[in-house]
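Understanding the architecture of this molecule
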Amino acid sequence: DSGVTQTPKHLITATGQRVTLRCSPRSGDLSVYWYQQSLDQGLQFLIQYYNGEERAKGNILERFSAQQFPDLHSELNLSSLELGDSALYFCASSVGTDGYTFGSGTRLTVV
Amino acid sequence: TQLLEQSPQFLSIQEGENLTVYCNSSSVFSSLQWYRQEPGEGPVLLVTVVTGGEVKKLKRLTFQFGDARKDSSLHITAAQPGDTGLYLCAGVDSGGSNYKLTFGKGTLLTVNP
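The following refers to the structure shown. None of the values given here were measured: they were computed from a predicted structure.

Procedures and definitions
Residues numbered from 1 in each chain as written. Chains lettered and ligands numbered in written order. Predicted model: local features only at pLDDT ≥ 70, side-chain atom pairs only at ≥ 80, totals over all residues. Heavy atoms only, no water. Contact = heavy atoms within 4.5 Å. Buried area = accessible area lost by both parts, 1.4 Å probe. Salt bridge = Lys/Arg side-chain N within 4 Å of Asp/Glu carboxyl O. Polar contact = N/O pair within 3.5 Å; in protein donor to acceptor, adjacent residues only side chain to side chain. Nonpolar A, V, L, I, M, F, W, Y, C, P; charged D, E, K, R; others polar. Helix = DSSP H or I, 4+ residues; strand = E, 2+ residues; numbered from the N terminus. Buried < 20%, exposed > 50% of the residue type's maximum accessible area, 1.4 Å probe, protein only. Pairing = 2+ DSSP bridges. Axes fitted to C-alpha atoms, helices over the stretch in contact; angles between N-to-C directions.

1. Considering the interface of chain B and chain A
Taken together, the 18 residues of chain B in the interface contact 24 residues of chain A. Surface buried jointly by chain B and chain A totals about 1,600 Å² across both partners, of which 52% is contributed by carbon and sulfur atoms. If you look at where chain B meets chain A, you find zero salt bridges. Inspection of the chain B/chain A interface yields six residue pairs in polar contact (both at pLDDT 80 or more). Tallied by class, residues from the side of chain B that touches chain A come to eight nonpolar, seven polar and three charged.

This is the structure we're talking about:
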């Protein structure tokens, strides 16, 4: 157990739908990062939050949004889902620059 | 955009063999990290290299950071089936709370018994 908890582990949904992925960071970590992993693109940075505020944005689509709550957990919202959104979505947390601690990911399948 | 190129993309070897995987970039990073990812799990940090020319050892794994801090290599001696996994390098951009990693696409290593 890495200390970063992601739910759900698997999600199957239809095109056009909306889903919410949840992440609880490791205790004491203020930063949360979301990544998308696919076979052809590898790990792509989506967005970073630090203590409730958005700090950096990567290749995140406009259909996707995220937030970090006062208790530091974070949610990634994916809407108007397309087949190409099928991927593994990882959340990671960190304190300082000692490296990321990743969760086990959510495998999203859009059918 | 800073890009990290990893090679080879796939590597399949027999138990006991040695191997080296590479991570190259045209950009300078403040430091570089190596992660290993196993199926169904998130990446796990193996090591961070900070200084140009730095060499770090982790049991049978040897990590080296290039002098110009643009490239790195991972050498595994006498590979074991338990070394099987996706090896990812990540370049670190750090600036206060805006610490961000850029990942390469990884080397998928299979060690056959």
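2. With respect to the environment of Tyr100(A)
You can see Tyr100(A) is positioned in the loop between strand 9 (87-94) and strand 10 (101-102). Its relative accessible area of 3% is what places Tyr100(A) among the buried residues. The sequence separation of Tyr100(A) and Ile47(A) amounts to 53 residues, and the corresponding C-alpha distance is 14 Å. Not counting the four nearest positions on each side in its chain, Tyr100(A) is found in contact with Tyr33(A), Tyr35(A), Ala92(A), Ser93(A), Ser94(A), Gln33(B), Tyr35(B), Leu45(B), Tyr99(B), Lys100(B) and Leu101(B). From its side chain, Tyr100(A) meets the backbone nitrogen of Leu101(B) in a polar contact 3.0 Å long.

3. What to know about the side chain of Glu54(B)
Residue and element names in this part refer to chain B. With respect to the helices and strands, Glu54 occurs in the loop between strand 5 (44-49) and strand 6 (55-58). Relative accessible area serves as the criterion here: at 19%, Glu54 is assigned to the buried category. A distance of 2.7 Å separates a polar atom in the side chain of Glu54 from the backbone nitrogen of Val50. If we skip the residues at most four places from it in the chain, Glu54 touches Thr48, Val49, Phe63, Gln64 and Phe65.

4. As for unusual backbone geometry
Note that the residue after Thr7(A), namely Pro8(A), is joined by a cis bond; omega there is -10°. Of the consecutive residues Ser7(B) and Pro8(B), the connecting peptide bond is found in the cis state with omega at -10°. Its location among the elements puts Pro8(B) in the loop between strand 1 (4-7) and strand 2 (10-14). One non-glycine residue, Leu72(A), lies in the positive phi region at around 80°. The residue Leu72(A) is located in the loop between strand 7 (64-68) and strand 8 (74-78) in this model. Despite not being glycine, Ala78(B) shows a phi value in the positive range, around 50°. Here Ala78(B) lies in the loop between strand 8 (71-76) and strand 9 (85-93).

5. Some points on the sheet that holds strand 8 of chain A
All names here are of chain A. Taken in spatial order, the four strands make up an open sheet running 1-3-8-7, and their pairing is antiparallel. This sheet does not close on itself; its edge strands, each paired only once, are strand 1 (5-7) and strand 7. Sheet twist, expressed as the average angle between the axes of neighbouring strands with direction ignored, equals 15°. Pairing geometry for strand 3 (residues 19-24) and strand 8, over five bridges, is antiparallel.

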